[in-house]
Amino acid sequence: MIIRLPLRFEGSKGDKILYALFDSGATYSCINEEVVEELENLTHLHTPMRMVTASASTFMEVKYRVTLDFYHEDIRLSDEFYVIPDLSEQVIIGASTMQKWRIKLDFEHDTIILDPGVAKAILVNLIAK
């Protein structure tokens, strides 16, 4: 099951509103190669990863990753995104990111729910700056 939302993404080169697809069936978070180049420098993977696509017999090789901050209702989150050439979406937020930040999908309202503890951790982080 999936939900698509516009979120602000931020990297060392700038920020941009991108449509993120929250996909509980995707293990990792991924970003389209064309949109990420405006946000962050790519980090080359020492050993490329082979990922299986929705078609179990189809693999793709991933050579790069980036770390980006992204915001939902002014709450700052951050994670690693694998860079995928020709990705059909701008961004896919996968299960590993949703578990890390305790993001729940609210299909009734087509939105996401963040655990209140996450917001508190973010607030402490901002105050420390």
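Before any of the text, the structure's been laid out above.
Computed from a predicted structure; not experimentally measured. In this convention, every chain numbers its residues from 1, walking through the sequence in written order. Two thresholds apply to this predicted model, a pLDDT of at least 70 for residue-level local features and 80 or more for giving and counting side-chain atom pairs, whereas whole-chain, interface and lining totals are computed over all residues. Water and hydrogen atoms were dropped before computing side-chain values, which therefore reflect all heavy atoms in the structure.

Draft legend 1. Local environment of the packing of aromatic side chains. The rule is short: rings of Phe, Tyr and Trp, with Trp giving its six-membered ring, pair when the centres are within 6.5 Å, and they are stacked under 30 degrees, edge-to-face over 60, tilted in between. Across all of its chains, the model carries four aromatic pairs by this definition. For the ring pair F9 and F81, a centre distance of 5.9 Å and an interplane angle of 75° mean the geometry is edge-to-face. In this pair, F9 sits in strand β1 (residues 2-11) while F81 sits in strand β6 (residues 75-84), placing the two residues 72 residues apart along the sequence. Three or more aromatic residues joined by ring pairs form one cluster here, namely F9, F70 and F81. Where helices and strands are cited, they refer to DSSP runs of H or I of at least four residues and of E of at least two residues respectively, numbered from the N terminus.

Draft legend 2. Region of interest: the environment of L7. Relative to the helices and strands, L7 resides in strand β1. The sequence separation of L7 and F70 amounts to 63 residues, and the corresponding C-alpha distance is 6.6 Å. Residue contacts are counted whenever heavy atoms from the two residues lie within 4.5 Å of one another. In contact with L7, other than residues within four places in its own chain, are K16, I17, L18, A20, F22, F70, Y71 and H72.

Draft legend 3. Geometry of the pairing of strand β2 (residues 14-23). Should DSSP find at least two bridges between two strands, the strands are regarded as paired. Relative to β2, β1 runs antiparallel, the two being bridged by ten bridges. If you follow G11 over to β2, its bridge partner there is G14. What sits between the antiparallel neighbours β1 and β2 is a turn of two residues. In the sheet, β2 pairs with strand β7 (residues 91-93) via three bridges, with the strands oriented parallel. If you follow L21 over to β7, its bridge partner there is I92.

Draft legend 4. How the structure looks around the pairing of strand β5 (residues 59-72). Here β1 runs beside β5; their pairing, made up of three bridges, is antiparallel. What sits directly across from E10, in β5, is D69. Pairing of strand β4 (residues 43-52) with β5 involves six bridges; the strand directions are antiparallel. The residue bridging M51 from the neighbouring strand is M60, located in β5. Inspection of the sheet shows β5 paired to β6 by nine bridges, in the antiparallel sense.

Draft legend 5. Spotlight on the environment of L68. Mapped onto the elements, L68 comes out in strand β5. Along the chain, L68 and E10 lie 58 residues apart, while their C-alpha atoms are 5.8 Å from each other. In contact with L68, other than residues within four places in its own chain, are F9, E10, G11, I31, V36, L39, E40, L77, S78, D79 and F81.

Draft legend 6. View of the nonpolar core. What makes a nonpolar core is a set of buried Ala, Val, Leu, Ile, Met, Phe, Trp, Tyr and Cys residues whose side-chain atoms join them at distances within 4.5 Å. Think of it in three bands: with a 1.4 Å probe and only protein chains considered, a residue is buried below 20% of the maximum accessible area for its type, exposed above 50%, and partly exposed in between. Counting 25 residues, the largest nonpolar core has F9, F22, I31, F81 and I93 as its most contacted members. Of all the secondary structure elements, the ones that give two or more residues to this core are β1, β2, α1 (33-36), β5, β6, β7 and β9 (111-114). Excluding residues within four positions of it along the chain, I31 makes contact with L18, V36, L39, V66, L68, F81, Y82, V83, I84, L87, Q90 and V91. If you look at the next biggest cluster of nonpolar residues, it comprises ten residues, including C30, L45, M51 and I92.

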